[in-house]
Protein chains: 2
Amino acid sequence: MARSEGNLAQGRSYRAFDVDSVKDYVAAQGELTERLGTAAAGELRAREVGDGNLNLVFIVEGPGGAVVVKQALPYVRLVGDSWPLPLKRAYFEWNALTRQATHQPQRLPGLFHFDPVNALIVMEYLTPHVILRKELIAGKRFGHLAEHMGTFLAETLFRSSDFCLAAAKKKADMALFADNVELCAITENLVFTEPYFDAPLNRWTRPQLDGPVLSLRRDRAAKVGAQEMLYRFTTKSEALLHGDLHTGSVMVTATDTRVIDPEFAFYGPMGFDIGAFLGNLYLAYFAQEGHEAYPDQRVPHREWLLETAESTWSVFSETFARLWREERGGILYPRTLYEDANDETGATIALHRFLHGVFEDVVGFAGAKMVRRLVGLAHVEDMESIEDLDRRATCEAKALLMGRELLVNRTTFGDIYGLSCLARAIRRERNLL
Amino acid sequence: MARSEGNLAQGRSYRAFDVDSVKDYVAAQGELTERLGTAAAGELRAREVGDGNLNLVFIVEGPGGAVVVKQALPYVRLVGDSWPLPLKRAYFEWNALTRQATHQPQRLPGLFHFDPVNALIVMEYLTPHVILRKELIAGKRFGHLAEHMGTFLAETLFRSSDFCLAAAKKKADMALFADNVELCAITENLVFTEPYFDAPLNRWTRPQLDGPVLSLRRDRAAKVGAQEMLYRFTTKSEALLHGDLHTGSVMVTATDTRVIDPEFAFYGPMGFDIGAFLGNLYLAYFAQEGHEAYPDQRVPHREWLLETAESTWSVFSETFARLWREERGGILYPRTLYEDANDETGATIALHRFLHGVFEDVVGFAGAKMVRRLVGLAHVEDMESIEDLDRRATCEAKALLMGRELLVNRTTFGDIYGLSCLARAIRRERNLL
């Protein structure tokens, strides 16, 4: 089923919309009429706002309201049509969104329409939400972020794992998402492998970072660490991941948080989603020095970023523990296993051994995600928006040092506070360049 | 494709053969005429020899030669038609056999014919081969066994892993075998879970083993160990496993070794196949005392069993290392990763870290496989054929102690020789009952 529906989307009726044709398309979808307040294309306004690497994104507004139309392009937008990418990724994104919506609807946009032929999803226009990454660059803080993200991670990961899903359902879902090959290949290559050798698409702040980049390419421990995390990425089929959970996939207001864009979804290691989010918080942390108007202007913001990483993990693990107690209906650690079906001690021993393993993965994946954003193809605006290249490179060198340390010594961190401690120590480093 | 072909086999034209109808069926298969020396059912002789838990097995002989016909039954033969089991398992067995045959044809029976509707495989009649387990009980030794099994394991596991297969091919294969749900469920329940609580189908030597069985059911560390191995079984999609590689799935002569019956095949942890084989060698080791005509009659045979376990692992790891050097064509540790594409040091560091992890799994899975054969539903003839129940229970209690130790302390064994050492020490234990 996965394959045939996926292939359908690559059929000959696909067409990429523009700001005009998208109005006709949206107007023709009767299910959207009430939401937009019209069925007439002439009464709609549309603009293209996609700033990601892969897709077209339109906001289409009518007299009654607005929707977002996200359409996959048959190539990587960042690189151009020399890098084709299958349209079926919209199918996987829709399947991931609808599954996440059963677990955590309040953290997702509303889902209105899926068109597999045009590889297109119509969803809620989130307003006044903005992309979290941009707000972090601007030095803003969000008091609910850690609670929202930790809960989202725990609920989506636990509820798609063998701890909760029936075995047959989980295996079928794993098989469905196993066809998301090309998106996984992007991660496999760009995150775990290319940053560690002289790959043609790599970019870095030159010449300031030439030294650290050359060191990394001779760093056997870093290569082994990255490949070990790649092996876990490809073989550890624990839960349905978002697959690309950086701070550009999160939209926020002062009180709300929404997670978008799970087109990289597949069954992988839980630590990958958590590590992606934390790694991007640490990147934001090291970028702050580049955005300060005067030294230490952003001390509270920097500290808040570390506290958010800490709290995201602690909310994740506490929520996971609650789900472990309340929703453990899968084949793992069944209640019948214990003489006293409510054997809290036995279940708790097992839980904490499990979370210990997830934490090691979080650390390793956070490290891998940091390194790739500094010396691989795709960078982060946190760093790219620092115009002074010397200043930017200083921030990047510190982040690179932390990423490498997390990759190589991922087993040695006892808890999340150790990562904050390491970040603070590295930030005070001098003479890295 | 997997699903539709699998479901086909459950269609209404399936019929279970008997010793008469199987002759008509075989005679009608033109591709078998030359091998049998006739196309006339009247010239064929057939007998049913299945002694496994799940299937019918016929030997059909003609004037020119013989073939084996293995047919899946729609229920678990061991339990009866109250436990239905889908016929599509023959489809997975055939797919596993044909893949293994591309890696290691000399260790498999010849493959002649697959009929998905009748869930039936026609293959080479191996003669004078006998089931390894029976020979081990009889005290026979096989000088090539470790070499053959270590090589078979390394080649089938390496060549179906991300180290060798293209990522898209591996993901598609993983998805195909993910539908082998019911056979995986047998392992998930009977190996990892039911032995550790008062499950209705559990059996053990009563009343002699009542004490150890009760202890096991109160043993939180053993439960956690078994469930942690279950979690790896369900989530660690490393390689295409045989899935049931005990000494009853191996046929031997003095010079030859063949591996049969991979109907439990799926993408799982490499250590599961290796651990299954080793665990069954250790069961054979502890059973020897029950088969001795006088004390220490079988010392050389016992020692040979331990040496075979040791050599199977060392041949596996040496062969894996050779394949790592020569056939590493997958996405993991690509040669381009290293400045010197033949960086032996970098690749070797990575290899040994990887094998260290496989070894931990081997130990844990060997332990789980031992425990389930002593106190779960399915036992081994090595123990069951010891008629004196006190004597049998003494052997079983020692094997149970070893299995539990391997499960619980699997991370603490430095190498395979430690397992032999532990086996010898436990064998000398007195007063276990």
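Model, not experiment: these values are computed from the prediction.

Calculation criteria
Residues numbered from 1 in each chain as written. Chains lettered and ligands numbered in written order. Predicted model: local features only at pLDDT ≥ 70, side-chain atom pairs only at ≥ 80, totals over all residues. Heavy atoms only, no water. Helix = DSSP H or I, 4+ residues; strand = E, 2+ residues; numbered from the N terminus. Buried < 20%, exposed > 50% of the residue type's maximum accessible area, 1.4 Å probe, protein only. Lys, Arg positive; Asp, Glu negative; His and termini not counted. Salt bridge = Lys/Arg side-chain N within 4 Å of Asp/Glu carboxyl O. Domains from an automatic or database assignment. Contact = heavy atoms within 4.5 Å. Buried area = accessible area lost by both parts, 1.4 Å probe. pLDDT = per-residue confidence, 0-100. Phe/Tyr/Trp six-rings, centres within 6.5 Å; stacked < 30°, edge-to-face > 60°. Lys NZ or Arg CZ within 6 Å of the ring centre and 35° of its normal. Axes fitted to C-alpha atoms, helices over the stretch in contact; angles between N-to-C directions. Parallel < 35°, antiparallel > 145°, perpendicular 65-115°, else oblique. Nonpolar A, V, L, I, M, F, W, Y, C, P; charged D, E, K, R; others polar. Pairing = 2+ DSSP bridges.

S.K.: How should I be thinking about the side chain of Glu194 of chain B in this particular structure?
M.R.: Within the secondary structure layout, Glu194 of chain B lies in the loop between α8 (181-190) and α9 (210-217). In this structure Glu194 of chain B is buried but unpaired, with Arg372 of chain B as the nearest side chain of opposite charge at 8.8 Å.

S.K.: Sorry if this is basic, but what is going on with the pattern of salt bridges here?
M.R.: Between side chains of opposite charge, a pair can form as their charged atoms come close. Residues and elements named next belong to chain A. Tallied over the full model, the rule gives 74 salt bridges over all chains. The shortest N-O distance in the salt bridge between Glu263 and Lys70 comes to 3.6 Å. Of the two residues, Glu263 is situated in the loop between β11 (257-259) and β12 (266-268) and Lys70 in strand β3 (residues 66-72); the sequence distance between them amounts to 193 residues. Its relative accessible area of 5% is what places Glu263 among the buried residues. The class for Lys70 is buried, based on a relative accessible area of 5%. Where Arg107 meets Asp256, a salt bridge forms, and the shortest distance between an N and an O atom there is 3.1 Å.

S.K.: Teacher, can you tell me more about the domain arrangement of chain A here?
M.R.: Many structure descriptions define interface size as the accessible area lost when the parts assemble. All names here are of chain A. We note that the domain assignment places domain 1 (2-124) and domain 2 (130-427) within chain A. Between the C-alpha centres of domain 1 and domain 2 the distance comes to 27 Å. Across the contact, 30 residues belong to domain 1 and 32 residues belong to domain 2. For the pair domain 1 and domain 2, the two sides together bury roughly 2700 Å², of which 60% comes from carbon and sulfur.

S.K.: What's the story with the confidence of the model for chain A in this structure? I'm lost.
M.R.: Note that predicted coordinates carrying low pLDDT should not be read in detail. A residue-level look at chain A finds 97% of positions with pLDDT of 70 or above and a mean pLDDT of 94. Across residues 1-11 of chain A the pLDDT falls below 50, and counting only partners more than four positions away or on other chains, this stretch makes 19 contacts in the model.

S.K.: Just checking my understanding: could you explain the interface of chain A and chain B for this structure?
M.R.: Facing 48 residues of chain A, the contacting portion of chain B comprises 48 residues. Here chain A meets chain B over a buried area of about 4200 Å², counting both sides, of which 60% is carbon and sulfur. Interface area lost by chain A to chain B is led by Lys171, Tyr231 and Leu337 of chain A, which between them contribute 16%. At the boundary of chain A and chain B, one finds four salt bridges.

S.K.: Just checking my understanding: could you explain the packing of aromatic side chains for this structure?
M.R.: Two aromatic rings, taken as a pair, are described by how far apart their centres are and by the angle between their planes. All chains considered together, the criterion is met by 48 aromatic pairs over all chains. Plain terms: the ring middles of Phe17 of chain B and Tyr25 of chain B are 4.9 Å apart, the flat faces sit at 50 degrees to each other, and that makes the pair tilted. Exposure remark for Tyr25 of chain B: the relative accessible area of 11% places this residue in the buried category. An aromatic cluster of three or more residues is present, and its members are Phe158, Phe163, Trp313, Phe316, Phe320, Trp324, Tyr333, Phe354 and Phe359 of chain A together with Tyr231 of chain B. One residue, Arg35 of chain A, lies across the ring of Phe112 of chain A, its end atom 3.6 Å from the ring centre.

S.K.: Looking at this model, I keep getting lost on the packing of helix α4 (residues 89-103) of chain A against helix α7 (residues 167-177) of chain A. Mind explaining?
M.R.: For any two helices packed against each other, the geometry comes down to the angle between their axes and how far apart the axes lie. Residue and element names in this part refer to chain A. Their axes nearest at 11 Å, the elements α4 and α7 cross at an angle of 150 degrees. Relative to α7, α4 is oriented roughly antiparallel. Facing α4, whose interface residues are Tyr91, Phe92, Asn95, Ala96 and Arg99, α7 presents Asp173, Leu176 and Phe177. For the contact of α4 with α7, a count of residues per class yields five nonpolar, one polar and two charged.

S.K.: Mind showing me how you'd approach the sheet that holds strand β2 (residues 55-61) of chain A here?
M.R.: The strands that make up a sheet are held in pairs by hydrogen bonds between backbone atoms, and each pair lies either parallel or antiparallel. Residues and elements named next belong to chain A. If you walk across this open sheet you meet the five strands as β1-β2-β3-β7-β6, and the pairing is antiparallel. The open sheet has two free edges, formed respectively by β1 (45-48) and β6 (111-115), since each of these has just one partner strand. Across the sheet, the mean angle separating the axes of adjacent strands is 20 degrees when strand polarity is ignored. Examined bridge by bridge, β3 and strand β7 (residues 120-124) share five bridges and lie antiparallel to one another. In the sheet register, Val68 faces β7, and the bridge partner there is Met123. Sheet strands in contact with α4 are β2, β3, β6 and β7, and its direction is about 155 degrees off that of β6.

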